[in-house]
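Summary of the model geometry
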Protein chains: 2
Amino acid sequence: MDALRVIEIKKSVFADNDNDADALRKELKEKGVFLLNLMSAPGSGKTTTLIQTINRLKASLRIGVMEADIDSDVDARKMREATGVESIQLHTGGMCHLDAEMTRQGLDALDLNATDLVILENVGNLVCPAEFDTGAVRNAMILSVPEGDDKPLKYPLMFSVCDVVLINKTDVMPYFDFSLERCKKYIHERNPKAQVIPICAKTGEGVDVFVQWLKDQVNNWKQK
Amino acid sequence: MDALRVIEIKKSVFADNDNDADALRKELKEKGVFLLNLMSAPGSGKTTTLIQTINRLKASLRIGVMEADIDSDVDARKMREATGVESIQLHTGGMCHLDAEMTRQGLDALDLNATDLVILENVGNLVCPAEFDTGAVRNAMILSVPEGDDKPLKYPLMFSVCDVVLINKTDVMPYFDFSLERCKKYIHERNPKAQVIPICAKTGEGVDVFVQWLKDQVNNWKQK
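Presented here is an overview of the structure given in this document. Computed from a predicted structure; not experimentally measured.

Rules of the game
Residues numbered from 1 in each chain as written. Chains lettered and ligands numbered in written order. Predicted model: local features only at pLDDT ≥ 70, side-chain atom pairs only at ≥ 80, totals over all residues. Heavy atoms only, no water. Buried < 20%, exposed > 50% of the residue type's maximum accessible area, 1.4 Å probe, protein only. Helix = DSSP H or I, 4+ residues; strand = E, 2+ residues; numbered from the N terminus. Pairing = 2+ DSSP bridges. Right-handed = clockwise from strand over helix to strand, strands pointing away. Least-squares fit on C-alpha atoms with pLDDT ≥ 70 in both. Axes fitted to C-alpha atoms, helices over the stretch in contact; angles between N-to-C directions. Parallel < 35°, antiparallel > 145°, perpendicular 65-115°, else oblique. Left-handed = near helix turned anticlockwise from the far one by under 90°. Contact = heavy atoms within 4.5 Å. Nonpolar A, V, L, I, M, F, W, Y, C, P; charged D, E, K, R; others polar.

**Notes on the pairing of strand E7 (residues 164–168) of chain B**
All names here are of chain B.
- Summarising burial for E7: five of the five residues are buried, a large majority.
- Residue alternation in E7 divides its side chains into two sets, Val 164, Leu 166 and Asn 168 and Val 165 and Ile 167, and both sets are buried.
- Both strand E6 (residues 138–144) and E7 contribute to a ladder of five bridges, which runs parallel. Note on E7: the bridge partner recorded for Leu 143 is Ile 167.
- Judged from the four bridges that link them, E7 and strand E8 (residues 195–198) form a sheet pairing that is parallel. Its bridge partner lying in E8, Val 165 is registered against Val 196.
- In this fold, the crossover linking E7 to E8 by way of helix H7 (residues 180–190) has right-handed handedness.

**Notes on the relation of the copies chain A and chain B**
- Taken as rigid bodies, chain A and chain B are interconverted by a rotation of 180° and an axial shift of 0.0 Å, the fit giving an RMSD of 0.0 Å. Read as a symmetry element, the transformation amounts to a two-fold axis.

**Description of the packing of helix H2 (residues 46–57) of chain B against helix H3 (residues 74–83) of chain B**
All names here are of chain B.
- It is at 10 Å that the axes of H2 and H3 come closest, and there the two elements cross at 25°. By the angle between their axes, H2 is roughly parallel relative to H3. Two packed elements cross with a definite hand, and for H2 against H3 that hand is right-handed. Only Asp 75, Lys 78, Met 79, Ala 82 and Thr 83 of H3 make contact with H2, whose side of the interface consists of Thr 47, Leu 50, Ile 51, Ile 54 and Asn 55.
- Considered class by class, the residues forming the contact of H2 with H3 number five nonpolar, three polar and two charged.

**Description of the sheet that holds strand E4 (residues 86–91) of chain A**
Residues and elements named next belong to chain A.
- The parallel open sheet is built from eight strands, whose spatial order is E1-E4-E3-E5-E2-E6-E7-E8. The sheet terminates laterally at strand E1 (6–8) and strand E8 (195–198), the two strands that pair on one side only. Shown here is a sheet whose adjacent strand axes are inclined to one another by a mean of 20°, direction ignored.
- Pairing geometry for strand E3 (residues 63–69) and strand E5 (residues 117–121), over five bridges, is parallel. Each residue of the ladder has a partner; that of Ile 63, found in E5, is Leu 117.
- The strands touched by helix H2 (residues 46–57) are strand E2 (34–40), E3, E5, strand E6 (138–144) and strand E7 (164–168); relative to E5, the strand with the most contacts, the crossing angle is about 170°.

So, in structure tokens, the structure goes:
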């Protein structure tokens, strides 16, 4: 297996990120590439969820993964070993989020002509990534049970910008004071259209529901 | 009980945060006030840990708490109900961290002449708060077991700037693939001087060790 690719992302110089993100989405549409931006707090289970998701999708879609982190290549290495799909590590040089230009630097390292779906695993952070449009077609986030059901009250923007919220680590629900109903209520107060899907990435429970949602999104977008 | 105070923090205009933080530390020293900055990812148990800590300390020290959040007053309310100490909510207006000037805006709302110890519960975020000196005498952080023992590899700066790392939620250790030894090794590779204290804020286990550490810090600093 060839060496793992680690891309050192440079700080974006674009003043108007929203325009840049729209331009990137248009370019991706022309190339037939669907970009999903996955966000969460540190340790919510993004990588494990993606491994489960990609292993269910890779027979029907050609997938590339970009793992953004301040440091280390733990995630890209794990992803490649567990799924075999093309996986690159983006180092943000201390930065707390990716914007459209930084996302583009990652995409340039993938072979987009041979890819249907790119998944960006954003920096683990519930604040800053919510403020920057990466150029993704859809935003997804994970809230894990141990973090608590009150997080939509404290990080409202993140829950507002996401099309789907995965509630992960449902297997440990009995050990935490977490109400799925209360959590859904808080999410829908901020974002009535958000899909909420409970999953357990460790066992794979519920992941099929997310996989179907993602397949539908990719198909609808290609037909537009 | 009087109405809960919510302070809307304004963006800092100080160009040189390090100088400003040093100046704030000096002012606090003159007033005999010790400032602790507590950081962690969202949902690691900062508020619960502080409630346990403050209920053990409030007989010997006069304590004030500043709860920083993007939105909501959940934490300040909970803190005041559970401890009775003066507790104010700082709204950061979407900002992902506090710097020294923003911290000062919060301190201005406390009666520092009647306070020995102020604890700042920073925004739940492992990235940005590590980059800004708040003027605190000591930095503390919480890493909770469900987040995983690899977090020092991914958020090295946060672990480097903290004097003490509390490993919280040890009660759920059997349900997660978390090695305390491996975690300590990763922390000490980045910060050999960091104290690592395992706790369970829910049951109070280990909190006495942190309380003793904090008492020692306050006493040493006052005698300097």
